[in-house]
Amino acid sequence: MNKVNKKELDKINNLVLFFSKEIKLHLGLKKLAKLFYFVDFTAFELEKKSITNLEYKAFPYGPMPTDFYKHLKRMEKEGLIKLKVSNEKYIPSSIQSLKEDIDLSVFSEVEKQIIEDIKEKFKYSTAREIELVAKNEPPYKMVKSREVIPYHLAFYRNSFDEMSLGNENSDS
């Protein structure tokens, strides 16, 4: 597992707990991994700093935190979550939070807003839908399969339409 400090570990734990409590529909491991990607790369795009500091790689099912499953197993061992692995094709593996309270104080106000925005944007999306969105993003497309996705590629995302080609205020 890549080295993470206590603050980053607290953020990873509370992000997993937050999404497992707040998103009940379609939340499996794949969707959770993509939510992490969107949170981290959006934070980097806006604040020049990711929230979790996890490393991401371009896998066939989209961007994934490199140590994602290790962190989930660690959290399960610590009694924070319960993983339910499904072998059924259309039933996702799921995450159940075993901890009642989530410590949102580990996040800055900007980070909380990013997390809330990502939750709202994707709460009804299936894992496949969110995968397709992630795979169409420049950071994923700009690296080869299984390569690390550098955070600086977040600046090519155009998440907020600042590079829109059309000029809506044009009179022509």
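As the structure is a computational prediction, the values presented were derived from the model and not from experiment.

Colleague: Requested: an account of the overall build of the protein chain, with residues and values cited.
Modeller: The number of helices and strands found in the protein chain is six helices and four strands. Starting at the N terminus and walking to the C terminus, you meet the elements of the protein chain as α-α-β-β-α-β-β-α-α-α. Each of the 172 residues in the protein chain was classed as buried or not, and the buried ones make up 44%. Counting every atom, the protein chain has about 10,000 Å² of accessible surface; 52% of that belongs to carbon and sulfur.

Colleague: An account of the nonpolar core is needed here, citing residue identities and associated values.
Modeller: Formed by 45 residues in total, the largest nonpolar core has its most connected members in Phe19, Leu32, Phe36 and Ile81. Secondary structure elements with two or more residues in this core: helix 1 (6–22), helix 2 (29–47), strand 1 (56–59), helix 3 (68–77), strand 3 (81–84), helix 4 (109–122) and helix 5 (127–135). Examining the composition of this core, we find that eleven residues originate from one element, helix 2, more than from any other.

Colleague: So, the pattern of salt bridges: which residues are in play, and what are the values?
Modeller: Counted by the stated rule, this structure contains 15 salt bridges. For Lys119, the salt bridge is made with Glu22, and the minimal N-O distance between the two is 3.3 Å. Of the two residues, Lys119 is situated in helix 4 and Glu22 in helix 1; the sequence distance between them amounts to 97 residues. The class for Lys119 is buried, based on a relative accessible area of 8%. With a shortest N-O distance of 3.3 Å, Lys119 and Glu120 are connected by a salt bridge.

Colleague: Which residues make up the environment of Leu25, and what are the values?
Modeller: Turning to its location among the elements, Leu25 is positioned in the loop between helix 1 and helix 2. Residue Leu25 is classed as partly exposed on the basis of its relative accessible area of 40%. Along the sequence, Leu25 and Lys123 sit 98 residues apart, while their C-alpha atoms lie 7.0 Å from each other. When neighbours within four sequence positions are excluded, Leu25 is seen to be in contact with Lys31, Lys123, Tyr124 and Ser125.

Colleague: So what's going on with the pairing of strand 2 (residues 62–65)? Residues and values would help.
Modeller: As defined by bridge partners, strand 1 adjoins strand 2 across four bridges and the pair is classed as antiparallel. Bridge pairing in strand 2 links Tyr56 to Pro65. Where strand 1 folds back on strand 2, the antiparallel hairpin that results is connected by two residues.

Colleague: Explain empty space enclosed by the protein to me, using residue names and the numbers behind them.
Modeller: Using the criterion set out here, one finds one cavity of 30 Å³ or more in the structure. Of the voids in this model, the largest cavity is the one considered here, and its volume is about 40 Å³. Lining the largest cavity, in full, are Ile12, Val16, Phe36, Leu54, Phe68, His71, Leu72 and Met75. Of all the secondary-structure elements, those providing two or more residues to the lining of the largest cavity are helix 1 and helix 3. Of all the elements, helix 3 adds the most residues to the lining of the largest cavity, at four residues.

Colleague: Give me the lowdown on the side chain of Glu131, citing residues and values where you can.
Modeller: Its place among the elements puts Glu131 in helix 5. Its relative accessible area of 1% is what places Glu131 among the buried residues. Not counting the four nearest positions on each side in its chain, Glu131 is found in contact with Lys30, Lys34, Pro60 and Tyr61.

The rules behind the values
- Residues numbered from 1 in each chain as written.
- Predicted model: local features only at pLDDT ≥ 70, side-chain atom pairs only at ≥ 80, totals over all residues.
- Heavy atoms only, no water.
- Helix = DSSP H or I, 4+ residues; strand = E, 2+ residues; numbered from the N terminus.
- Buried < 20%, exposed > 50% of the residue type's maximum accessible area, 1.4 Å probe, protein only.
- Areas by Shrake-Rupley, 256 points an atom, 1.4 Å probe, with all protein chains shown as cover.
- Core = buried A, V, L, I, M, F, W, Y, C linked by side-chain atoms within 4.5 Å.
- Salt bridge = Lys/Arg side-chain N within 4 Å of Asp/Glu carboxyl O.
- Contact = heavy atoms within 4.5 Å.
- Pairing = 2+ DSSP bridges.
- 1 Å grid on protein atoms, 1.4 Å probe; cavity = no way out; pocket = protein on both sides within 12 Å on 5 of 7 lines; lining within 4 Å.
- Points joined across faces, edges and corners; volume = space filled by probe spheres on them.

Nothing here speaks to function; it is geometry throughout.
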